[in-house]
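Given next are the chains, with one letter for each unit.
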Amino acid sequence: MAAEARSPRARYREQNRAEIKAAALQQLAEGGIQAVALTRIAKDMGLSGPALYRYFAGRDDLLSELIRDAYDEVAQAVGQAGGAPADGPRAALHALADAYRDWAVDQPHRYLLIQGTPLPGYAAPPDTLLRARAVLGPFLKVFAAGTPAEALRPLAEEMASWVRTEEAVADWLAEHTVLAPQDAAAGTALAGTVLAWSQLHGTVGLEVSGQYAGMGHRARTLLTAQIDTLADSFRL
């Protein structure tokens, strides 16, 4: 059945919400998270303060929407990379890492919104955890095919215990692999994914915040070497 046409009122509301979010993203790009101000957005759009609050309950509500959008978009980029044909798990891992980095470098203000220093007093809504896990989901499938080096076995064992005791983690694993919590590869998949996220976050975060400026390497070259080292650690 075809979806019912949206009413003019609903379309107008969606358009205004989109314009408010676009204005907030512009402020974010210009001055960081502290620069996002609903009063200035209202003024620029020719709205009164009370009118703006018909679309968002407050600044935190607006920030939560921007965070959700950012996670969903980077998850889509990584998911598309994970769905493309690859010449083995190592190549797949590189594709996932490149997709994550490319999104962050293209939109550093949005990357720092979700991975940068938290805004004092702001608490992200619980559903952002699921969105963050969606970004990392494709990595689980890659590392499930690996065998951790001896030094990584304690981490894999801790991850195995985690998935056996946390239903939400078991659901996350099942969504992206065919593994059950009791499978030996479950801990390996989680350990590799957590390590990959740590390396990505560290390297990409330093790059988009300008910390590599003036150093004698390209950030992509560094990330490639790190991913190769990680792949070696899991015999991918």
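Residues numbered from 1 in each chain as written. Predicted model: local features only at pLDDT ≥ 70, side-chain atom pairs only at ≥ 80, totals over all residues. Heavy atoms only, no water.

Colleague: Describe in detail the overall build of the protein chain, supporting the description with residues and values.
Modeller: When its secondary structure is counted, the protein chain shows 11 helices and zero strands. Secondary structure elements of the protein chain occur, N-terminal to C-terminal, as α-α-α-α-α-α-α-α-α-α-α. Projecting the C-alpha coordinates of the protein chain onto the three principal axes gives extents of approximately 60 × 55 × 35 Å. Expressed as a percentage of the 236 residues in the protein chain, the buried residues total 40%. Restricting to contacts in the protein chain with at least 6 residues of sequence separation, those with at least 24 account for 73%. Summed over all atoms, the accessible surface of the protein chain reaches about 12,600 Å², with 54% contributed by carbon and sulfur. (Helix = DSSP H or I, 4+ residues; strand = E, 2+ residues; numbered from the N terminus. Buried < 20%, exposed > 50% of the residue type's maximum accessible area, 1.4 Å probe, protein only. Contact = heavy atoms within 4.5 Å. Areas by Shrake-Rupley, 256 points an atom, 1.4 Å probe, with all protein chains shown as cover.)

Colleague: Please give an account of the packing of helix α4 (residues 59-83) against helix α7 (residues 127-143) that cites residues and values.
Modeller: α7 packs onto α4 with a crossing angle of 15 degrees between their chain directions and a minimal axis gap of 8 Å. By the angle between their directions, the pair α4 and α7 is classed as roughly parallel. For the pair α4 and α7, the sense of crossing is left-handed. Between α4, through Ile67, Arg68, Tyr71, Asp72, Val74, Ala75, Val78 and Gly79, and α7, the contact on the second element is made entirely by Asp127, Thr128, Arg131, Ala132, Ala134, Val135, Pro138 and Phe139. Grouping the constituent residues of the contact of α4 with α7 by class yields 10 nonpolar, two polar and four charged. (Axes fitted to C-alpha atoms, helices over the stretch in contact; angles between N-to-C directions. Parallel < 35°, antiparallel > 145°, perpendicular 65-115°, else oblique. Left-handed = near helix turned anticlockwise from the far one by under 90°. Nonpolar A, V, L, I, M, F, W, Y, C, P; charged D, E, K, R; others polar.)

Colleague: So what's going on with the packing of helix α10 (residues 184-208) against helix α11 (residues 219-233)? Which residues, and what values?
Modeller: Look at α10 against α11: their axes get within 10 Å of each other, and the N-to-C directions meet at 165 degrees. Accordingly, the angle class assigned to the pair α10 and α11 is roughly antiparallel. The chirality of how α10 crosses α11 is right-handed. Here α10 contributes Gly192, Leu195, Ala196, Gln199, Leu200, Thr203 and Glu207 to the contact with α11, which in turn contributes Ala219, Leu222, Leu223, Gln226, Ile227 and Leu230. Its residues placed into classes, the contact of α10 with α11 shows eight nonpolar, four polar and one charged.

Colleague: Could you give an account of the nonpolar core, with specific residues and numbers?
Modeller: Nonpolar side chains in soluble globular proteins generally cluster together in the buried interior. Membership of the largest hydrophobic core comes to 62 residues, with the highest contact counts inside it found for Leu62, Leu63, Leu93, Tyr100, Phe139 and Phe143. Residues in contact with Phe139, not counting those within four places in the same chain, are Val78, Leu93, Leu96, Ala97, Thr193, Ala196 and Leu200. (Core = buried A, V, L, I, M, F, W, Y, C linked by side-chain atoms within 4.5 Å.)

Colleague: Describe the environment of Pro118, with residues and values.
Modeller: By the secondary structure assignment, Pro118 is in the loop between α6 (108-115) and α7. Here Pro118 falls in the exposed class, since its relative accessible area comes to 64%.

Colleague: Please provide a residue-by-residue account of the environment of Trp162, values included.
Modeller: Within the secondary structure layout, Trp162 lies in helix α8 (residues 153-165). For the pair Trp162 and Ser198, spaced 36 residues apart in sequence, the C-alpha separation works out to 18 Å. Leave out the neighbours within four places in its chain, and Trp162 touches Arg133, Val169, Trp172 and Leu190.

Colleague: Lay out α6 in plain terms, naming residues and giving numbers.
Modeller: Of all the residues in α6, the buried ones are Arg110, Tyr111, Leu113, Ile114 and Gln115. Looking straight down α6, one finds that the buried residues subtend no more than 165 degrees of arc, so they occupy a single side. Buried residues along α6 sit against α1 (8-31), α4, α5 (89-106) and α10. (Arc of directions from axis to C-beta.)

Colleague: Tell me what's going on with the packing of aromatic side chains, and back it up with residues and numbers.
Modeller: Under the definition given, this model contains two aromatic pairs. Geometrically, the ring pair formed by Tyr100 and Tyr111 is edge-to-face, given 6.0 Å between the ring centres and 90 degrees between the ring planes. With Tyr100 in helix α5 and Tyr111 in helix α6, the pair connects residues that are 11 residues apart, well separated along the chain. Accessibility classification places Tyr100 together with Tyr111 in one group, the buried group. Pairing Phe143 with Phe234 gives two aromatic rings, centres 5.0 Å apart and planes at 70 degrees, and the pair type is edge-to-face. Highlighted residues: Phe143 in helix α7 and Phe234 in the segment after α11, separated in sequence by 91 residues. By the burial criterion, Phe143 is buried, and Phe234 matches it. (Phe/Tyr/Trp six-rings, centres within 6.5 Å; stacked < 30°, edge-to-face > 60°.)

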